[in-house]
Amino acid sequence: QQKVQQSPESLIVPEGAMTSLNCTFSDSASQYFAWYRQHSGKAPKALMSIFSNGEKEEGRFTIHLNKASLHFSLHIRDSQPSDSALYLCAVSASGGNYKPTFGKGTSLVVHP
Amino acid sequence: EAAVTQSPRNKVAVTGGKVTLSCNQTNNHNNMYWYRQDTGHGLRLIHYSYGAGSTEKGDIPDGYKASRPSQENFSLILELATPSQTSVYFCASGGDWGGGNTLYFGAGTRLSVL
């Protein structure tokens, strides 16, 4: 069974800082990697996803994936108070039988 | 934006009672999922479906049944509710390879079993 772990559990950063969130997974056959953001009392919402090794940037957000290290990360440039939320990583072994496993989440607080 | 609607939004049930949580999606996604979210555990997969008539067990299926009578509807059934099933339940659809595997979540159902 896929194991997905996130670190840190919680994080407090000042406005404007670079924030880095980490996710490790156990199944080396994993093919799909995603980050979701969940504001308090709301549903999770997809942020970004990546399929192959390397880096993908969208606005202030960047994903790094290193399959050999079983690790991927989310970096938030110029963090804003509106980025304060629970960040969940999701990993799936196969696109055909898509059954994503989520980590427990990192709680981010960005203070003005 | 994909639309996933859950009902009810809040539910109080008695121990031993039957509870049905409903989910409807209007985006013609093949895959649908039921997760529960508890503090310290993140999102855990209960049941999922690849299309009408199919249901699959997720990681924590004990005490739950699922039903997918149509492409649009996916229900989660607690035949004999227990206090340990008090949680927030999220339905999601999506996960189609052509759609980038993105999941779209409903607003959630907060269930309390007394």
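Below: a short report on this structure. Since the model is a prediction, treat every value here as computed from it, not as a measurement.

Moving on: the interface of chain B and chain A. Contacts between the two partners involve 23 residues from chain B and, on the opposite side, 23 residues from chain A. Our count for the contact surface shared by chain B and chain A stands at 1 salt bridge. Here A:Lys99 and B:Asp59 are joined by a salt bridge, their closest N and O atoms 3.7 Å apart. Across the chain B-chain A interface, the total number found is 4 residue pairs in polar contact (both at pLDDT 80 or more). Secondary structure elements with two or more residues in the side of chain B that touches chain A: strand S4 (31-38), strand S5 (42-49) and strand S10 (103-105) of chain B. Taken together, the residues of the side of chain B that touches chain A sort by class into 11 nonpolar, 10 polar and 2 charged.

Time to look at the sheet that holds strand S3 (residues 19-25) of chain A. Residue and element names in this part refer to chain A. Spatial ordering of the open sheet is given by S1-S3-S8-S7-S6, a layout of 5 strands whose pairing is antiparallel. Strands at the two margins of the open sheet, each flanked by one partner only, are strand S1 (4-7) and strand S6 (54-58). For this sheet, the mean angle separating the axes of adjacent strands, direction not counted, is 15°. Across 6 bridges, strand S7 (residues 61-66) lies against strand S8 (residues 71-76) in antiparallel orientation. Residue pairing across strands places phenylalanine 61 opposite isoleucine 76, the latter belonging to S8.

Moving on, we get to the packing of aromatic side chains. This model, assessed by the stated rule, comprises 16 aromatic pairs over all chains. Aromatic rings pair up to connect A:Tyr36, A:Phe102, B:Tyr33, B:Tyr35, B:Tyr48, B:Tyr50, B:Phe90 and B:Phe105 into one cluster.

Once that is clear, we can look at the sheet that holds strand S1 (residues 4-7) of chain B. Residue and element names in this part refer to chain B. Spatial strand order, S1-S3-S8-S7: 4 strands in an open sheet with antiparallel pairing. Both edges of this open sheet fall to S1 and strand S7 (65-67), since each of them pairs with a single strand only. Shown here is a sheet whose adjacent strand axes are inclined to one another by a mean of 20°, direction ignored. Relative to strand S8 (residues 73-78), S7 runs antiparallel, the two sharing 3 bridges.

Rules used in this analysis
Residues numbered from 1 in each chain as written. Chains lettered and ligands numbered in written order. Predicted model: local features only at pLDDT ≥ 70, side-chain atom pairs only at ≥ 80, totals over all residues. Heavy atoms only, no water. Contact = heavy atoms within 4.5 Å. Salt bridge = Lys/Arg side-chain N within 4 Å of Asp/Glu carboxyl O. Polar contact = N/O pair within 3.5 Å; in protein donor to acceptor, adjacent residues only side chain to side chain. Helix = DSSP H or I, 4+ residues; strand = E, 2+ residues; numbered from the N terminus. Nonpolar A, V, L, I, M, F, W, Y, C, P; charged D, E, K, R; others polar. Pairing = 2+ DSSP bridges. Axes fitted to C-alpha atoms, helices over the stretch in contact; angles between N-to-C directions. Phe/Tyr/Trp six-rings, centres within 6.5 Å; stacked < 30°, edge-to-face > 60°.

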